[in-house]
Structures are given as structure tokens and as C-alpha cells.
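# Structural features, examined
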Amino acid sequence: TPEYFAATGIAVGAKARMADLQRLALANAQQIIRQKMEHAYKGAISDYLNSVGTNAGTDIENKLEAGGDQIMDLIVNETNATCGPKYSAVDEKGNMTCFIGIRIPKKALAETIVENVVDNVSDDEELKIRFKEDEFRKRTLENFERFKAE
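Attention now moves to the overall build of the chain. Looking only at helices and strands, the chain has five helices and three strands in total. Along the chain, helices (α) and strands (β) appear in the sequence β-α-α-β-β-α-α-α when read from the amino end. By residue count, 35% of the 150 residues in the chain fall in the buried class. Taking as baseline every contact in the chain between residues at least 6 positions apart, the subset at least 24 positions apart corresponds to 72%.

Here it is, written out as C-alpha cells:
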């Protein structure tokens, strides 16, 4: 949605392994949401670099990507189910399917990433000179809010 990154994780296995299925379904949802977030963030970085016409080359791009990836990993790893777990009926082989939904607010995520990335870039004097914080903040927030994955 315009407000959230969301994903449904699915895992299939034996009824006797319901706890494992729940963990696997959550991990599946987290991986899906991480991919969506990374796509939106890389788009935000590209949009920012194009808009400011920076000649910083890969220095700023690498710093921005690394900082964002670290924050996204921390946030995604802390997600809990917002829907589920839900289990299907047991099939003829004794297996069932587990479904778990998670969601992460885009605005809060973008703001957290921006704050941490700005701090990271600010530690490097040379990059700080070429880094336009207000433009990065604006473009990242806009990009996350308009990103919609299928």
C-alpha cells in the first residue's frame, strides 16, 4: 500500500512441525519484504544521485547503500507477524500450509534510514561536502511513499 511494505510468508510441511512452519513462513515474509524495501531504496539513491548531479562516483553511492542495507536488515529482523499464523487443513500426506503476514510502515522506515545514513555520511568529511542531506531526505521519503510492488 502507499503506507506500508507488506508481505505474506508461506511454508508447507508436516503438522508435527507447526512451530518450524511458523518460523519458516515468517522468514519467507521477511525476505520478500526485504527485497521490496531494497528495490525502493536503491531507486531512491539513484533518483537522488541523478537529481543532484553529484560527481562523488561510487563513494557516496556505496556509503548510502551500505548504511541503508544495515538499517533495513535490523528492522526486518525485528518484524513480528501482523496477521497469522494461519494454517490450512491437513492434507492426505499429513502436511499443512502456514501463512504469516507482516508489514512495515514506509514513512517510519524511510525516516530511520535517512537519519542513520546521514549520520554515516557526516562522519566522512570529503563526502559530507558533496552530500546534499535535504535533497536526499526529500527524495528518499517521496520514493518510499510512492513505491508500490506488485
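On we go from here.
Caution applies to low-pLDDT regions: their predicted coordinates should not be interpreted in detail. Looking at the chain, the pLDDT average stands at 81 and 81% of residues meet or exceed 70. Model confidence for the chain, summarised as mean pLDDT per element, is weakest for helix α4 (residues 125-130) at 55 and strongest for strand β3 (residues 95-105) at 95.

Once that is clear, we can look at the pattern of salt bridges. Counted according to the given criterion, the structure contains three salt bridges. Between Asp-20 and Arg-17 there is a salt bridge; the shortest N-O distance is 3.3 Å. Between Asp-20 and Arg-23 there is a salt bridge, with its nearest N and O atoms 3.7 Å apart. Taken as a pair, Asp-20 and Arg-23 lie in helix α1 (residues 18-52) at a separation of three residues, close to a single helical turn. Ionic contacts of the salt-bridge type, sharing partners, join the residues Arg-17, Asp-20 and Arg-23 into one network.

Attention shifts here to the sheet that holds strand β2 (residues 83-87). Pairing in this open sheet of three strands is antiparallel, and the strands run β1-β3-β2 from one edge to the other. Two strands bound the open sheet, and with one partner strand each, they are β1 (4-14) and β2. Looking at each pair of strands side by side, their axes are set apart by 10° on average, direction ignored. The sheet contact formed by β2 and β3 spans three bridges and is antiparallel. Following the sheet pairing, Lys-86 is matched in β3 by Phe-99.

Among the secondary structure elements, Thr-79 is positioned in the loop between α2 (58-77) and β2. Taking relative accessible area as the criterion, Thr-79 reaches 8% and is therefore assigned buried.

Turning our attention to the environment of Lys-106. Residue placement: Lys-106 occurs in helix α3 (residues 106-122). Separated by 104 residues in the primary sequence, Lys-106 and Pro-2 have C-alpha atoms spaced 7.8 Å apart.

As a further point, take the packing of aromatic side chains. This model, assessed by the stated rule, comprises zero aromatic pairs. Here the guanidinium or amino end of Arg-103 rests over the ring plane of Tyr-4, the centre of that ring lying 4.0 Å away. It is Lys-106 that lies over the ring of Phe-5; its NZ or CZ is 5.1 Å from the centre.

Here the residue pair Gly-84 and Pro-85 is connected by a cis peptide bond, since its omega of 10° sits within 30 degrees of zero. Tracing the sequence through the fold places Pro-85 in strand β2.

Moving on: a nonpolar patch on the surface. A surface patch of nonpolar side chains, about 260 Å² in accessible area, is lined by Ile-10, Val-12 and Phe-99. Structurally, Phe-99 is set in strand β3. Taking the relative accessible area as the measure of exposure, Phe-99 reaches 33% and is therefore partly exposed.

You can see Asp-134 is positioned in helix α5 (residues 133-146). Linking Asp-134 and Val-114, residues 20 residues apart in sequence, is a C-alpha distance of 10.0 Å.

Thresholds applied
Residues numbered from 1 in each chain as written. Predicted model: local features only at pLDDT ≥ 70, side-chain atom pairs only at ≥ 80, totals over all residues. Heavy atoms only, no water. Helix = DSSP H or I, 4+ residues; strand = E, 2+ residues; numbered from the N terminus. Buried < 20%, exposed > 50% of the residue type's maximum accessible area, 1.4 Å probe, protein only. Contact = heavy atoms within 4.5 Å. pLDDT = per-residue confidence, 0-100. Salt bridge = Lys/Arg side-chain N within 4 Å of Asp/Glu carboxyl O. Pairing = 2+ DSSP bridges. Axes fitted to C-alpha atoms, helices over the stretch in contact; angles between N-to-C directions. Phe/Tyr/Trp six-rings, centres within 6.5 Å; stacked < 30°, edge-to-face > 60°. Lys NZ or Arg CZ within 6 Å of the ring centre and 35° of its normal. Patch = residues over 30% accessible without salt bridge, like charges linked within 9 Å, V, L, I, M, F, W, Y side chains within 5 Å. Areas by Shrake-Rupley, 256 points an atom, 1.4 Å probe, with all protein chains shown as cover.

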